[in-house]
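Listed below are the residues making up each chain.
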Amino acid sequence: MPIARSTMVLLSLALASDGLVSWARRLGLSEQALRTARSRGRLSPAIAGALALELQHDPGPWMVVAALETERQSACKERMQKHFGLG
């Protein structure tokens, strides 16, 4: 599967197969952690990587997407997005 531009795509893939409470339990997180991530529109790199593993995806690219989502807009961020095919 090609990498998506947002970790919310990854969360949507997960939620298509099981509920938020179940995913929180599987990942060892509180339900609030996933609810907060969803409301902010981004997953942390660690959560994105763990979720990707559970979905049998390569966690590395998802962790890159998550890390870049937390960065403020800058020339460096734009450069990295282009390098990884995200922008």
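Everything quoted here is computed from the prediction, not taken from an experiment.

1. Quick look at the overall build of the chain
Secondary structure assignment for the chain yields six helices and zero strands. Of the regular secondary structure in the chain, the N- to C-terminal order runs α-α-α-α-α-α. By the compact-globule yardstick of 12 Å for 87 residues, the chain fits well, its C-alpha radius of gyration being 13 Å. Referenced to the eigenvectors of the C-alpha coordinate spread, the extents of the chain come out at roughly 40 × 25 × 15 Å. Buried positions account for 31% of the 87 residues belonging to the chain. For the chain, the proportion of contacts with a sequence separation of at least 24, taken over those separated by at least 6, is 53%. On the chain, roughly 5300 Å² of surface is accessible, and the fraction owed to carbon and sulfur atoms is 53%.

2. Considerations on the pattern of salt bridges
Enumeration over the complete set of coordinates arrives at three salt bridges. Put simply, Asp18 and Arg26 hold a salt bridge, and the shortest N to O gap is 3.7 Å. The exposure class of Asp18 is partly exposed, given its relative accessible area of 30%. Note on Arg26: relative accessible area 40%, which makes it partly exposed.

3. Things to note about the nonpolar core
Core analysis: the biggest nonpolar cluster contains 18 residues, and Leu10, Leu34, Leu43, Ala48, Leu51 and Trp62 have the highest contact counts within it. At the level of elements, α1 (7-17), α2 (20-27), α3 (31-40), α4 (45-54) and α5 (59-70) are the ones that each hand at least two residues to this core. When sequence neighbours within four positions are dropped, the list of residues in contact with Ala48 reads Thr7, Leu10, Leu43, Trp62 and Ala66.

4. Quick notes on α4
Residues that lie three or four places apart on an α-helix share one face, since the helix turns once every 3.6 residues. Within α4, the full set of buried residues consists of Ile47, Ala48, Gly49, Leu51 and Ala52. The elements touched by buried residues of α4 are α1, α2, α3 and α5. After α4 finishes, the residue Gln56 shows a positive phi value of roughly 60°.

5. Brief notes about the side chain of Glu69
Take Glu69: it is sitting in helix α5. For Glu69, which is buried and forms no salt bridge, the nearest opposite charge comes from Arg42, at a distance of 6.1 Å. Within polar-contact distance, the side chain of Glu69 engages the side chain of Thr7 at 2.6 Å. If sequence neighbours within four positions are ignored, Glu69 has contacts with Arg5, Ser6, Thr7, Gly41, Arg42, Leu43 and Lys77.

6. Some details on the packing of aromatic side chains
Two aromatic rings are characterised by how far apart their centres lie and by the angle between their planes. Summed over all chains, the structure comprises zero aromatic pairs. Positioned over the ring face of Trp23 is Arg26, at 3.9 Å from the centre of the ring.

What counts, and at which threshold
Numbering of residues starts from 1 in each chain and follows the order in which that chain's sequence is written. Per-residue local features are limited, in this predicted model, to residues with pLDDT of at least 70; the limit for side-chain atom pairs, both in listing and counting, is 80 or more; totals at the level of whole chains, interfaces and linings are taken over all residues. Calculation of side-chain values draws on the structure's entire complement of heavy atoms; hydrogens and water are dropped beforehand. A run of DSSP states H or I qualifies as a helix once it reaches four residues; a run of E qualifies as a strand once it reaches two. Both are numbered from the N-terminal end. Radius of gyration: C-alpha atoms only; globule rule: 2.2 Å multiplied by the number of residues to the exponent 0.38. Buried, partly exposed and exposed residues are distinguished by accessible area as a fraction of the type maximum, computed with a 1.4 Å probe on protein chains only: under 20%, between the cut-offs, and over 50%, respectively. Whether two residues are in contact is decided by their heavy atoms: any pair within 4.5 Å suffices. Every accessible area reported is derived by Shrake-Rupley at a probe size of 1.4 Å, with residue values counting cover from the shown protein chains alone. Salt bridge criterion: a side-chain nitrogen from Lys or Arg within 4 Å of a carboxyl oxygen from Asp or Glu. Nonpolar core, defined: a set of buried Ala, Val, Leu, Ile, Met, Phe, Trp, Tyr and Cys residues in which side-chain atoms within 4.5 Å join the residues together. None of His or the chain ends enter the tally, which takes Lys and Arg as positive and Asp and Glu as negative. In protein, a polar contact means a hydrogen-donor-capable atom and an acceptor-capable atom, both N or O and within 3.5 Å, with residues adjacent in sequence counting only if both atoms are side-chain atoms; elsewhere, any N or O pair within 3.5 Å suffices. Note on aromatic pairs: the rings of Phe, Tyr and Trp (six-membered ring only in Trp) are paired at centre separations within 6.5 Å, and the planes decide the class, stacked below 30 degrees, edge-to-face beyond 60, tilted for the rest. Placement of a positive charge over a ring is assigned whenever Lys NZ or Arg CZ falls within 6 Å of the ring centre and within 35 degrees of the normal to the ring plane.

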